[in-house]
Amino acid sequence: MDAILVTGGAGFVGLNLVEALLARGEHVVVFGRETALPDPAPAVLGKLPGRLELVPGDVTDAAALREVFRARRIGAVFPFAAVTAGPGREAADPHAVLDVNLHGLIRTLEAARDAGGVRRVVLPSSSAIYGESAYSHAVLDEATTPPVPISLYGVTKYAAERGGLRLAGLWGLDAVVARIGPAFGPWERDTGLRDTLSAHRAVARAALRGEEAVLPPAPLPTYDWVYSRDLAQGLLALLDAREPPHRVVNLSSGIDWAPHYAACFDLLASRVPGFRWRHAGPGETPTIALNETRPRGVMAIARAADFGWRPRHDPLAAWADYADWLLAGGEAGLG
Ligand SMILES: NC(=O)c1ccc[n+]([C@@H]2O[C@H](COP(=O)([O-])OP(=O)(O)OC[C@H]3O[C@@H](n4cnc5c(N)ncnc54)[C@H](O)[C@@H]3O)[C@@H](O)[C@H]2O)c1
């Protein structure tokens, strides 16, 4: 059986994907900066039927990437290693963002090209590519919403999707772009390389530390999340499509979560004795920072449906599942 390479596979999205791949018996190679998987991943993933290899390495190292392909047959690639820089990091070290998110991805494609035998590449893009457009479009549509990325991260993701598709075409690789919405759920932790951890993780952390969660004053802005386990299934749909109906696909929930936060956090409070949450009063500083303060459009998911995928969890079902995961030992991995 050909292996599936996931660069950045020990990160948040990567671990959800790796878990889903192992659950269906795949041979998965995780390549990334980690020398070990974070707890409780070794125990959880070790029970699944697939085979997991962890290869520590850096996507800026072409020789290391070549060696990954030389040592085993790789049939599909998720070049997901990334630095998700906030304003401070992009100002201080713009080269790191470009080196990993763009050049690292291209290096991974080069190694795939040279090895041969790769039947599908799933390129990781982001809702961040919509940038300015997200504030002026109620629905973020792959075909009609102009990408106007703001952050350097968003710029690299757009460059990676366009450049990745271009090079894949030139090099005979079959690539599909996943424009991933803001994710939360199991395995989200601080890798030290992502400055935009979700407000959901912050609320979960507060609850499990016995702290009150104080959110910004109501109402909270329109925002479209995707539950990480749904996202992983969407990525599998892009991997499996024999004749992809589209080459650029949004993967998100396609709904505004703002009206659902209260029910979700109440559900958490019903599971974690003593946990309380509320909105900040006038002049009070919230303890939970939102990822976005302005209302944003939600991502269209009709194209994803053409791949046979739709999110299985509505907000409450997502939080019920996340709470189960946290309370079954996942909290160890929150960081
Ligand atoms: N989390 C989200 O909400 C979200 C949304 C849209 C897109 N994405 C995309 O999903 C992918 C994974 O992001 P994430 O949220 O899991 O981030 P993460 O920070 O949790 O994981 C990133 C992973 O990349 C690896 N990595 C970083 N630099 C590396 C390097 N130089 N060499 C090798 N490995 C390196 C890290 O070791 C880590 O395992 C990224 O491509 C990101 O752009 C994520």
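1. Remarks on the environment of Ala62
Line of reasoning, step 1. Here Ala62 shows up in helix H3 (residues 62-71).
Line of reasoning, step 2. Separated by 48 residues in the primary sequence, Ala62 and Glu110 have C-alpha atoms spaced 8.6 Å apart.

2. As for the side chain of Ser125
Line of reasoning, step 1. As for its placement among the helices and strands, Ser125 is situated in strand S5 (residues 120-126).
Line of reasoning, step 2. Residue contacts for Ser125: discarding those within four places in its chain leaves Lys157, Glu161, Val177, Ala178, Arg179 and Ile180.

3. Quick look at the packing of aromatic side chains
Line of reasoning, step 1. According to the stated counting rule, one finds 13 aromatic pairs in the structure shown.
Line of reasoning, step 2. Centre to centre, the rings of Phe78 and Phe80 are 5.5 Å apart; their planes meet at 85 degrees, and the pair counts as edge-to-face.
Line of reasoning, step 3. Taking the relative accessible area as the measure of exposure, Phe78 reaches 0% and is therefore buried.
Line of reasoning, step 4. Here the aromatic rings of Trp187 and Trp325 are separated by 5.2 Å at their centres, their planes lie at 70 degrees, and the arrangement is edge-to-face. Of this pair, Trp187 sits in the loop between strand S8 (183-184) and helix H7 (199-208) while Trp325 sits in helix H11 (residues 315-327), placing them 138 residues apart in sequence. As far as burial versus exposure is concerned, Trp187 and Trp325 are alike and both buried.
Line of reasoning, step 5. An aromatic cluster of at least three residues, connected via ring pairs, comprises Phe184, Trp187, Tyr223, Trp225, Tyr227, Trp257, Tyr261, Phe265, Trp277, Trp319, Tyr322 and Trp325.
Line of reasoning, step 6. Across the ring face of Tyr135, the terminal group of Arg294 is positioned such that the distance to the ring centre comes to 3.6 Å.

Definitions and limits used
Throughout, a residue's number is its position along its own chain's written sequence, starting from 1. Per-residue local features of the predicted model are confined to residues with pLDDT of at least 70, and side-chain atom pairs are confined, for both listing and counting, to 80 or more; whole-chain, interface and lining totals are unaffected and use all residues. Processing note: side-chain calculations cover all non-hydrogen atoms of the structure and skip hydrogens and water entirely. In this description a helix means any DSSP run of H or I spanning at least four residues, a strand means any run of E spanning at least two, and both kinds are numbered starting from the N terminus. Here a residue-residue contact requires only that any non-hydrogen atoms of the pair lie within 4.5 Å. Any two rings among Phe, Tyr and Trp, with Trp reduced to its six-membered ring, count as a pair given centres within 6.5 Å; such a pair is stacked if its planes are under 30 degrees apart, edge-to-face if over 60, and tilted if neither. To sort residues, take the accessible area from a 1.4 Å probe on protein chains only and compare it with the maximum for the residue type: under 20% means buried, over 50% means exposed, and anything in between is partly exposed. For a lysine, the NZ atom is tested; for an arginine, the CZ atom; a charge sits over a ring if that atom is within 6 Å of the ring centre and within 35 degrees of the ring normal.

Function cannot be read off these values alone, since they describe shape.
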